[in-house]
Structures are given as C-alpha cells and as structure tokens.
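Take a look at the letters that make up each chain.
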Amino acid sequence: MNTTCPYCGVGCGVSVRDDGSVAGDVSHPANLGRLCVKGAALGETLNASGRLLWAQVDGARAPLETALESAAARLRAIIDQHGPDAVAIYASGQLLTEDYYVANKLMKGYIGAANIDTNSRLCMASAVVGYKRAFGADAVPCCYEDFAAADLVVLVGSNAAWTHPVAYQRLVQAKQQRPALRVVVIDPRRTASADLADRYLPLRPGSDGALFSGLLHWLAQHDGIDSSMLPHLNGVAETLEAAQPWTLARVAAVCELEEAALADFYRLFTRCERVLTLWCMGVNQSATGSDTNNAILNVHLLSGKLGRAGCGPFSLTGQPNAMGGREVGGLANQLAAHMGFSDAECDRLQRFWRSPTVARRPGLTAVALFEAVARGEVKAVWILGTNPAVSMPEGNRVAQALAACPLVIVSDVMAHTDTTAFADILLPALGWGEKNGTVTNSERRLSRQRAFVPPPGEAKPDWWLLAQVAQRLGFGDAFGWTHPAQIFREHAALSGFENHGQRAFDISGLAQLSDAQWDRLQPVQWPVNARFPDGCARLFGDRHFYHSDGKARLLPCAAPAATPVSAALPLLMNSGRIRDQWHTMTRTGAVARLMQHIDEPFIALHPATAQRWGLASGDLARVQSAHGWMAARVRLDSGMRLNELFAPMHWNRQFALQSSVDALVAARGCPHSGQPAFKQTAVRLAPLRADWQGWLWQRDIAAPDGVRYWARAPQAGAQRLTLAGDGTAHDWAQAQLATQGMKLQQAVGAAGEYRLLAWRDGALQLAFYAAPRLPTLDQDLIAAAFRAPPGDAAGRFALLAGRAAQSSGTGRIICSCFGVGENAIRQAIAQGCDSPAALGTTLKCGTNCGSCLPELKQLLVTPATA
Ligand SMILES: Nc1nc2c(c(=O)[nH]1)N[C@H]1C(S)=C(S)[C@@H](COP(=O)(O)OP(=O)(O)OC[C@H]3O[C@@H](n4cnc5c(=O)[nH]c(N)nc54)[C@H](O)[C@@H]3O)O[C@H]1N2
Ligand SMILES: Nc1nc2c(c(=O)[nH]1)N[C@H]1C(S)=C(S)[C@@H](COP(=O)(O)OP(=O)(O)OC[C@H]3O[C@@H](n4cnc5c(=O)[nH]c(N)nc54)[C@H](O)[C@@H]3O)O[C@H]1N2
Ligand code: SF4
Ligand SMILES: [Mo]
C-alpha cells in the first residue's frame, strides 16, 4: 500500500508493508524510494501512547455526539450574540487538502467571516506575497528534477540537509554525478547543509535582501540581463534604480561578507546558464521576508533563469500540505482556489458555493488573531492540527489569551499538548495512517495519503468533524459529504470554475474522478486541465504570467531592518529545527530512536561568545528576552557567528520545564505578510546556577516538582529526565520522589554526589544520579536495567555506580537509521576508516537516508573531546 509521508514538504512516497513497517516508495517521483530518518521511523509513531481517542467537554470525557452538539451550540450562541467576526479557525499545513477545504468553506462561505488563518502564516506567508507580487499568482515554477539539471544551486536560509533531507540527498547525488555542479549556501550559521557548499556565505542575519539587490545591480552591470525577458517584465527601470546603491562594497559591508567571496558568487550566478535558488525559513521568517522573496525573484526574472530545466526560484514548503493550504485559501487574506477578495471573485465563489454569505474582506492573520482573542474580540477559536501555545511568538501571551477565551475547540491526535490544555472542547482527530486525502508538496505535486490502519477510539477525520459541526450550525446541504473524494471533486471543480486561464491553480482535469480513481490517484503536478491533462513539471516556460497584462513584475526591495539588539539585550537569537524532531514533538518526541540524536534543549554558540558570558560546554544557561526566558544546555559551535545563538524550536512544556523558545520571540515581523521574524530575537545570557544536576530515570512521564530545570527524553522502557536543583540532591530525592513501598539502594559520595535506586518486586522503578555537575554515566546500562534488571550483586552495584565494569556505551547516536553511536564511529576511525564510505562499509552508518553524512565527515576531521 502506498501513501505519503506526513512530515516535510518534500512529500516522499511511503510504501507500507503488511507487517506495518515502512519503506520509501520507489515509484514516487519526489523521493524515488528514499526516506529520511523521520520518515523511516513512521512505523514507530503508529499506536503511540498518549493519543486523544475520545472527545472531552469541559475537561471530562464525553460521547463524540455530545461534543459536536456542544461545539455547534456554543459557536451558534457566540455568532448570534457577537456576530461572525467573533469566531475564528486556526488551521494547519498538516491538514489534508479535503480537511482544509471544508474548514475554509465553513468559515469564509457559511459563518461568513474570513477569520481563518493557519500556521502557514508562520511559514510560507512571505513566499506567497513574493510570488503573487512577482508572478500575479502564488505559483512555484520549479520541480525536484531541476536539481539534476542545474549548473548552480543556491541554498538561502535553508538547512535542507536536516529539514528537507531527501531533497538534499537528491542534490548530493546530483553533485556526485556532475562534480561541475556548484553549490552556494547562504546562512549566518554553518549548518550541516553547508557541508556540500563550494562557497559558504555567513551573512549578517536579515541582510539577504541587500545581497540579492546587489546581485540585481551586478547583473545589470555585467551583461547579466536576458533582453528577451524585458517585454515580459514590468518595473525593471525603477527596480534597477533602487538597486543601484547596492554596490559590491556596500553589500559586503551591510552583509558582513568579504567582497571577494561575494563577487565570486555574483560571477557564478551571472555565468551559469541554469541556476536554481532554494530558500526556506531563513528568508521568510524575517522583518523583510516578503521583500527578500521578491529580491530573489527579481534576479531570476531579469536574468531569464526560470521556466527551463535546471533553473528557477524555488521556495521550499515546510509542512506536508503547506501548498495544499495555499490552494484552498487557508490564509485569511485569500479566498479558495487562488482567488482574492475583489467583488468579482467573492461573487464567483458565492455562485459556486451557493452560500448565503461569502466573506467580503480579509480576516485576521495569526498574530492579530490571537491578539484579538486576548482583547476578547474573538470569543471562539477552533484550532486544528497545530500547537500555537508552543509555536506562536510571545507564546506566554498566546497561552493567556487561550486561557481567557470563552470557547476553545481543539482537534488533535494527542491528548496532552500545551494547546489541548486550554481546550473547552477536545475533538479526537484521525492521524497519519488512519485518514484519507491528498496533499501537495513543494513542487506542486498532489499525492494521496491513504489509510491503512483502523480508526482508534472515537477518532474521526478532520473534514468529518468540521462538516458535522457545520451541519449542526444549520449549513447541512453544503456539508453533506460522506467521502473525501466528494470534497476533492468539489475543490477541483472550483479551481476550474470561470477560470479561463486566469488562475494558475487549476486542477479541473481531476474534477470528474470517480471515488475509485481518486483512491488510485498517482502523484501529479498542477495544473491538471485540458491544456495539461497529465500535469505540468515547470511553469512560465511560455513567459506568460498572471498579472492582468500577462507580465511579471520586478519590485524594489526594502533595505535590511536594523538588528533588534540593544545594550540590555546584546545577543541575537536564531531559532529553527533539528534533524530528528518535528515541530512541537507531539509525535517524534515519543520515539526513543529520534530522541537519541539530540536529547535536550540547547543553545549553540561560538566558543568565544560562550566564554564572554561565563559559559562552558555543557553548562545550563538562562536565555532572557523582552518577553520571557528559557533554560537550555550550552553547545559550543565554531560555525556560529560571534554574539549570536541558535536554539531549536521544538521543546515545550510536555518535554521540559521552561525551554520553549517562542516564549522569547517577539510577535513582530514582515509588514506585508504578517509572518513573524522567528529568526531574530534580542536576548541576554547568563549561567543557570543550581546546587546540583542529575539524571532521573522513571517509568512514567510525570513532571518532577521542586527543581529549577528538567527535560525529558523517552527511552525504551523508561523516561529519562535531566534535572537541576537547589539544596542537596539527597533532600530533594527524599521530599519529591514517591518511593514508598519500594526497596531503596542509596549512596552518598564525597563531593556532593548522590545516587538512588528504587526497586519494587525486583523491578527497577527509579534511578537517580546527581552531583554538583551533571555526572557522566553509562546511559545504556541504566536504561537496559528497566527492561531487564541485573541478575547479581555485582551488576546491581555497577548499576548504582552508573557505570558498567567495562564501559560499552554507544555515546551520542549519530546514525539514527542503524543506531550507530559516536563511540563506535570514533573507534572505527581510530582503526583506519578514513571516509564516510569506509565507515558505512564497516558500521552501515550513513548508508540509508544519508542525513548523518555531514556529521560523519565532521567526526573524521575533529578529534574526540573529553
Ligand atoms: N527535521 C525537521 N524537518 C522539518 C521540520 C521540522 O520540524 N523538523 N519542519 C518543516 C517545516 S514546517 C519547515 S517551515 C521547514 C523549515 O526548514 P528550514 O528553513 O531549512 O529550517 P530552519 O531550521 O527553520 O531554518 C533554516 C535556516 O535559516 C537560517 N537563517 C536564520 N536567519 C537567517 C538569515 O537572516 N538569512 C539566511 N540566509 N538564513 C538565516 C538558520 O540559521 C537555519 O539554518 O522544515 C520542514 N522540515
Ligand atoms: N521559534 C520558532 N517558532 C516557530 C518556527 C521557527 O522556525 N522558530 N517555525 C514556525 C513554522 S515554519 C511552523 S510550520 C510552525 C509549526 O508549529 P505547529 O504547527 O504548532 O507544530 P506541530 O507540532 O506540527 O503541531 C501540529 C499539531 O497537530 C497535531 N496533529 C497531527 N496530525 C494531526 C491530524 O491529522 N489532525 C489534527 N487535527 N491534528 C493533528 C499534532 O499532535 C500537534 O499537536 O512553527 C512555527 N514556529
Ligand atoms: S524528507 Fe520529508 S517527506 Fe521525505 S521522509 Fe523525510 S520528513 Fe518525510
Ligand atoms: Mo513551517
């Protein structure tokens, strides 16, 4: 059975075997059989504990029917009393297209206000603005096959090696096959993706717009303009004029780059016939996010590098259905099927939906939406497939807003998230493997997600939950679907409705699919219509764009904003993703294998910056911004620029006491897109002092009390917490650990060391090891004792010591696919393995998804540290 991965926008095809194990789908054009670690671990997320299986109303389990009645009645009361604008939906690029279509139709077509926005506001909004301003349509012109045909690939603000691993591996392969292919990586932080770069440009954060304006100016001066493009472009003269001040010297100064390196990149871009620019959150999540998108689009348009194999401006989508959400109009400032709010478009949609009230003006975008909740203007919010209490900027304010909101409905697959904690009504949604529908990936390719396991508990598809509430609100006929294929056909028909070639998104060719044909639908790239019955790999080869005059537009780009640091908050914090976690960890955080690569919230900073703030590797730090603070472990990284730090976005209150990065991030960003500037937060740094630090293994996930810091990582058979506290560890353990009825083994060491094992009926229940500094232990030995306790006294003694007689620890897991740890890799290197290929032959590491190859290379060149 074939389906699609529910994580990133690469949109890999997944084959599910009869035993439930997964493999890459060799027939899927996005991945041709490959999967990354997260995709390969999908089988381990099925049957996850902690699922939301039953509805809840006001904190108590309720029959689903009651919850749906209650949701509709409370929404109706608020709409009747306060009007449709008092209601909002906050949706997600992880919903299926069919779910998304229904949410949008309910809000914009029937409730009659446009207050539906989505987490794509945090993600793709700047790209949408960029494409619409340049092309007149939100249309990504490129496809993955372009990697293999390019002469130059530019990665800007994308750590694809970790975030779009299979796409990145396709790039790696292309470079192996054609070493002449050049790769340039532009990122203030030297990431795993920079590993492939022929040239790496560590620019000043937020200065990308200047870099690309400078390139535009350079193109004009160095014969880089494709004159055959000029009849198809508007705005050339004023944009070139605006770019004129961006001389090489000025760009170099503003971006804090070397002139020679910059000129080298500009020459490469000008000279190469086929240039592909890939970008992601480093561009979009910025105060000038939309303008930087246009600065990138400008250089491709003016140099004619688009619409052909191997070239084009390719914005990578984050979530599996970020693109699908853009198609159905999930954002508050667009209607369905790529329509806007002109009278003609509103009328057209109203005709098609035969709805009473299509919204006539844009609704609230994510940040404004939660502010309106906080002010009490929005009194009901339905949150589906996203975890805003973690992922929205100024997370504490979002949490307060939700706490004060009269009606919070949350549909999720997990029972306990930072957001479900605020739900008045909780609706259990079907998750991956259980639900049926379509998604669209970065390259406009529609693929099917198919169900292959029975629905658990009372969980239901998101579209069904929405339609049931819509029916109870009195909108019955328009929400009467019984199968997702019916919704898909309606959506496809709308895309072609009165289109006449005016809207890029057109899948009318799929509007007549039977249920069975929809079920069998093979991956296909839109448009799919009479002109392109089998889909279309690249757009704009004909140089016809979607502005009313058929031309594309160059746009002057704003100068980079000032970096928001000050004397009180002198450091700049960047945030983003790590390889093996997905967003707020609701699914990946429970998979022991995926927690092995990086198992604690951290900040990465240059050794000199750390020293300046009194921090050493492994210390706990307290990071403070104008909005909040968090605790994280210090990681030294000489690939960081001075006075900057990087923090992962993933940790939250389910996995740590106080390590949510969005508690610190300000809710400000790009004025054109409303996308927050997640990559730039002004902070200060101090050591987080505690009298002791320790490790606690326990069987359940209960959060400990009375400590300054904790972070949790699941292991097979136990939960492992890292702790820091004040007083003595012994006193804390006596007061806080519920060890009644257990047999205790304790040891108090000289310099403040303390160890405790607690047994019941011969089974280990708790293991706690503390010292003034975090003790080094044989983690595998301790975790294993929860599955099979040691059989003899010597074994139990070693367990209490936290060290096997002979250490056999794996160390940090580098290759998650085969569970290969740093220690084994170091040993193999010492024994003569001198390349990733040699390591792969000996240990298998790096031979599956390949996303650890940059780290293997790193280990080959860096000596082991103590
Ligand atoms: N493992 C994993 N993969 C994922 C996800 C996940 O949660 N985990 N999430 C998916 C989603 S929704 C998304 S949106 C994508 C995001 O994918 P990416 O955008 O690749 O990931 P990020 O880590 O958010 O940020 C990318 C890079 O932007 C850099 N950056 C910061 N500021 C600047 C700047 O001013 N200029 C430039 N040029 N670069 C800058 C950061 O240092 C970082 O390396 O990943 C998708 N894939
Ligand atoms: N500091 C900082 N913050 C960021 C970012 C950053 O780079 N830095 N990136 C931003 C970006 S690009 C993004 S995309 C967001 C992501 O942030 P979120 O969307 O908040 O993160 P997720 O953890 O993916 O949340 C998805 C939720 O949906 C649930 N879920 C999973 N499957 C289903 C389903 O089928 N139906 C339903 N109803 N629920 C389901 C999951 O359990 C989870 O609770 O974070 C943004 N926040
Ligand atoms: S690259 Fe993205 S879509 Fe492909 S397997 Fe990995 S997470 Fe899934
Ligand atoms: Mo995203």
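Looking up the chain in an unreviewed UniProt entry gives the name Nitrate reductase, with the organism given as Pantoea latae. Among the UniProt annotations of the chain, the heading Sequence similarities (unreviewed entry) holds the following wording: "Belongs to the prokaryotic molybdopterin-containing oxidoreductase family. NasA/NapA/NarB subfamily."

Strand order in the open sheet made by the three strands is 1-2-3, with antiparallel pairing throughout. Among the strands making up the open sheet, the edge pair consists of strand 1 (2-4) and strand 3 (22-24). Strand-to-strand twist in this sheet, taken as the mean axis angle between neighbours without regard to direction, amounts to 40°. Alignment of strand 2 (residues 13-16) against strand 3, held across three bridges, turns out to be antiparallel. Bridge pairing in strand 3 links S15 to A23.

Turning next to the UniProt feature "domain: 4Fe-4S Mo/W bis-MGD-type" (unreviewed entry) in the chain. The sites that UniProt annotates as "domain: 4Fe-4S Mo/W bis-MGD-type" (unreviewed entry) are residues 1-61. For residues 1-61, helix accounts for 7% and strand for 25%, while the C-alpha atoms at its two ends are 35 Å apart.

Let us look at empty space enclosed by the protein. For the structure shown, the criterion picks out five cavities of 30 Å³ or more. If you add up the space inside the largest cavity, you get close to 750 Å³. Forming the walls of the largest cavity are 46 residues, and the residues nearest its centre are Q94, G385, W582, H583 and R587. At the level of secondary structure, the elements contributing two or more residues to the lining of the largest cavity comprise strand 15 (407-412) and strand 21 (571-576). For the lining of the largest cavity, a count of residues per class yields 18 nonpolar, 19 polar and nine charged.

This part takes up the packing of aromatic side chains. Summed over all chains, the structure comprises 29 aromatic pairs. Relative to W526, the ring of F505 lies with its centre 5.2 Å away and its plane at 85°, an arrangement referred to as edge-to-face. Of this pair, F505 sits in the loop between helix 20 (484-496) and helix 21 (515-520) while W526 sits in the loop between strand 19 (524-525) and strand 20 (552-553), and the two are 21 residues apart along the sequence. The burial state of F505 is the same as that of W526; both residues are buried.

What follows deals with the site of ligand 1. Around ligand 1, the structure places 34 residues, and the nearest of them are D187, G206, D208, R577 and Q581. Contacts to ligand 1 include N159, whose backbone N or O atom sits 2.8 Å from an oxygen atom. Take W162: an N or O atom from its main chain is 3.2 Å from a nitrogen atom of ligand 1. Here ligand 1, which alone exposes 920 Å², has 99% of that area covered by the protein. Most atoms of ligand 1, that is more than half of them, are within 2 Å of grid points of the second largest cavity.

The rules behind each value
- Residues numbered from 1 in each chain as written.
- Chains lettered and ligands numbered in written order.
- Predicted model: local features only at pLDDT ≥ 70, side-chain atom pairs only at ≥ 80, totals over all residues.
- Heavy atoms only, no water.
- UniProt positions renumbered as here; feature names shortened; annotations may be inferred.
- Pairing = 2+ DSSP bridges.
- Helix = DSSP H or I, 4+ residues; strand = E, 2+ residues; numbered from the N terminus.
- Axes fitted to C-alpha atoms, helices over the stretch in contact; angles between N-to-C directions.
- 1 Å grid on protein atoms, 1.4 Å probe; cavity = no way out; pocket = protein on both sides within 12 Å on 5 of 7 lines; lining within 4 Å.
- Points joined across faces, edges and corners; volume = space filled by probe spheres on them.
- Nonpolar A, V, L, I, M, F, W, Y, C, P; charged D, E, K, R; others polar.
- Phe/Tyr/Trp six-rings, centres within 6.5 Å; stacked < 30°, edge-to-face > 60°.
- Buried < 20%, exposed > 50% of the residue type's maximum accessible area, 1.4 Å probe, protein only.
- Near = heavy atom within 4 Å.
- Polar contact = N/O pair within 3.5 Å; in protein donor to acceptor, adjacent residues only side chain to side chain.
- Areas by Shrake-Rupley, 256 points an atom, 1.4 Å probe, with all protein chains shown as cover.
- Sits in = over half its atoms within 2 Å of the grid points.

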